[in-house]
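What follows is the residue order along each chain.
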Amino acid sequence: GGVRRRRFYGYTGLTFVKITITMLIGICTGTIAFCITSVVNKIYLIKQWLILEHFARGGAQVHYAYVVSFAAICLCLVLIASSLVLFWAPQAAGGGVTLVMAYLNGTHVKKLLGWKALVAKIIGVICACGSSLAVGPEGPMVHIGAAVASCL
């Protein structure tokens, strides 16, 4: 006959391995999402401190140095995110949902789910959200989750 597999409550050991890997991917992706949110919140607190502390003290007087420094923080964050995608990991460009869907449908995008794309996407999301661009981390988290699964 055929190969007889040992079963534990109706499941083979392979099922438990799949469940364990799935849980590990979920835990890693959730930890990355928590870290992204924490760093973005710290950036927001710095920008909020810059505005509230210095503009509240000045009354009607405009403090151009603080306006310029606020804009410079936002500009530096955007430059970091765009430079990563432009020069280091072009496969991390875009939201990520459409690329992952295309990949799952059989379109091969070179190094889409590699570690460089993962790092660039994480740093890019932090910088883009922290710079107050009209973006969010939801779409890129699909790409990040797929890259975590691929890297494991």
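Everything numeric in this text was worked out from a predicted model, so none of it was measured.

What counts and what doesn't
In this convention, every chain numbers its residues from 1, walking through the sequence in written order. The model is predicted, so local features are restricted to residues of pLDDT at least 70 and side-chain atom pairs to those at 80 or more, both for listing and for counting; the totals for chains, interfaces and linings are taken over all residues. Derived side-chain values reflect all non-hydrogen atoms in the structure, with water molecules and hydrogen atoms excluded from consideration. By nonpolar core we mean a set of buried residues, namely Ala, Val, Leu, Ile, Met, Phe, Trp, Tyr and Cys, connected to one another through side-chain atoms within 4.5 Å. The rule is simple: take the accessible area with a 1.4 Å probe, protein chains only, and divide by the maximum for that residue type; under 20% is buried, over 50% is exposed, in between is partly exposed. Going along the chain from the N terminus, every DSSP run of H or I of four or more residues is numbered as a helix, and every run of E of two or more is numbered as a strand. Whether two residues touch is decided by their heavy atoms; if any such pair falls within 4.5 Å, the residues are in contact. Nonpolar side chains (Val, Leu, Ile, Met, Phe, Trp, Tyr) within 5 Å and like charges within 9 Å form the patches, drawn only from residues with over 30% relative accessible area and no salt bridge. The Shrake-Rupley method, run with a 1.4 Å probe sphere, supplies the accessible areas, and residue values consider only the shown protein chains as cover. A pairing counts as a salt bridge when a side-chain nitrogen of Lys or Arg comes within 4 Å of a carboxyl oxygen of Asp or Glu. Given a helix with a known number of residues, its expected span is that number minus one, times 1.5 Å. For Phe, Tyr and Trp, where Trp contributes only its six-membered ring, two rings pair if their centres lie within 6.5 Å, and the inter-plane angle classes them as stacked under 30 degrees, edge-to-face over 60, or tilted in between. Helix axes are fitted only over the stretch in contact, all axes being lines through C-alpha atoms; the angle between N-to-C directions runs from 0 to 180 degrees. If an angle is under 35 degrees, it is roughly parallel; if it is over 145, roughly antiparallel; if it lies from 65 to 115, roughly perpendicular; otherwise it is oblique. Note on convention: the crossing is left-handed when the near helix lies turned anticlockwise from the far helix by less than a right angle, right-handed when the turn is clockwise. Here the term charged refers only to Asp, Glu, Lys and Arg, the term nonpolar to Ala, Val, Leu, Ile, Met, Phe, Trp, Tyr, Cys and Pro, and the term polar to all other amino acids, Gly among them.

Structural notes on the nonpolar core
Within the largest apolar cluster, 20 residues are counted, with the highest numbers of intra-cluster contacts made by Ile32, Ile36, Leu118, Ile122, Ile126 and Ile144. The element contributing the most residues to this core is helix H4 (residues 115–130), with six residues.

Comments concerning the environment of Val142
Looking at the secondary structure, you find Val142 in helix H5 (residues 138–151). C-alpha of Val142 to C-alpha of Gly95: the two residues are 47 residues apart in sequence and 8.6 Å apart in space. In this structure Val142 touches Val97 and Val100, once residues within four positions along its chain are discounted.

Quick look at a nonpolar patch on the surface
A contiguous nonpolar patch, built from Ile80, Trp88, Trp115, Val119 and Ile123 and spanning about 450 Å² of accessible area, is present on the exposed surface. Secondary structure elements with two or more residues in the nonpolar patch: helix H2 (64–88) and H4. If you tally residues by element for the nonpolar patch, the top one is H4, at three residues. Checked against the element boundaries, Trp115 lands in helix H4.

Thoughts on H2
Under the 1.5 Å per step criterion, the end-to-end length of H2 is 35 Å for 25 residues, consistent within 8% with the ideal 36 Å. Burial in H2 covers these residues: Cys74, Leu77, Ala81 and Leu84.

Points about the packing of aromatic side chains
In total, this model carries one aromatic pair according to the counting rule given. Ring geometry for Trp88 and Trp115: centres 5.8 Å apart, planes at 75 degrees, overall edge-to-face. Taken together, the positions of Trp88 in helix H2 and Trp115 in helix H4 put the pair 27 residues apart, joining distant regions of the chain.

Some remarks on the packing of H2 against H4
Their axes nearest at 7 Å, the elements H2 and H4 cross at an angle of 160 degrees. Viewed along their axes, H2 and H4 adopt a mutual orientation that is roughly antiparallel. The crossing of H2 and H4 is left-handed. Residue-level contacts link Leu77, Ile80, Ala81, Leu84 and Trp88 of H2 to Trp115, Lys116, Val119, Ala120, Ile123, Gly124, Cys127, Ala128 and Gly130 of H4.

Here's the deal with the packing of H4 against H5
The contact between H4 and H5 brings their axes to 9 Å, and the two run at 150 degrees. Accordingly, the angle class assigned to the pair H4 and H5 is roughly antiparallel. Seen along the crossing, H4 lies across H5 with a hand that is left-handed. On the side of H4, the interface is formed by Trp115, Ala117, Leu118, Lys121, Ile122 and Val125, while H5 contributes Pro140, His143, Ile144, Ala147, Val148 and Cys151. Taken together, the residues of the contact of H4 with H5 break down into ten nonpolar, one polar and one charged.

A word on the environment of Ala72
Examined against the element boundaries, Ala72 turns out to sit in helix H2. By relative accessible area, Ala72 is classed as partly exposed at 34%. Measuring from C-alpha to C-alpha, the distance between Ala72 and Ser131 comes to 9.7 Å, with 59 residues separating the pair along the chain.

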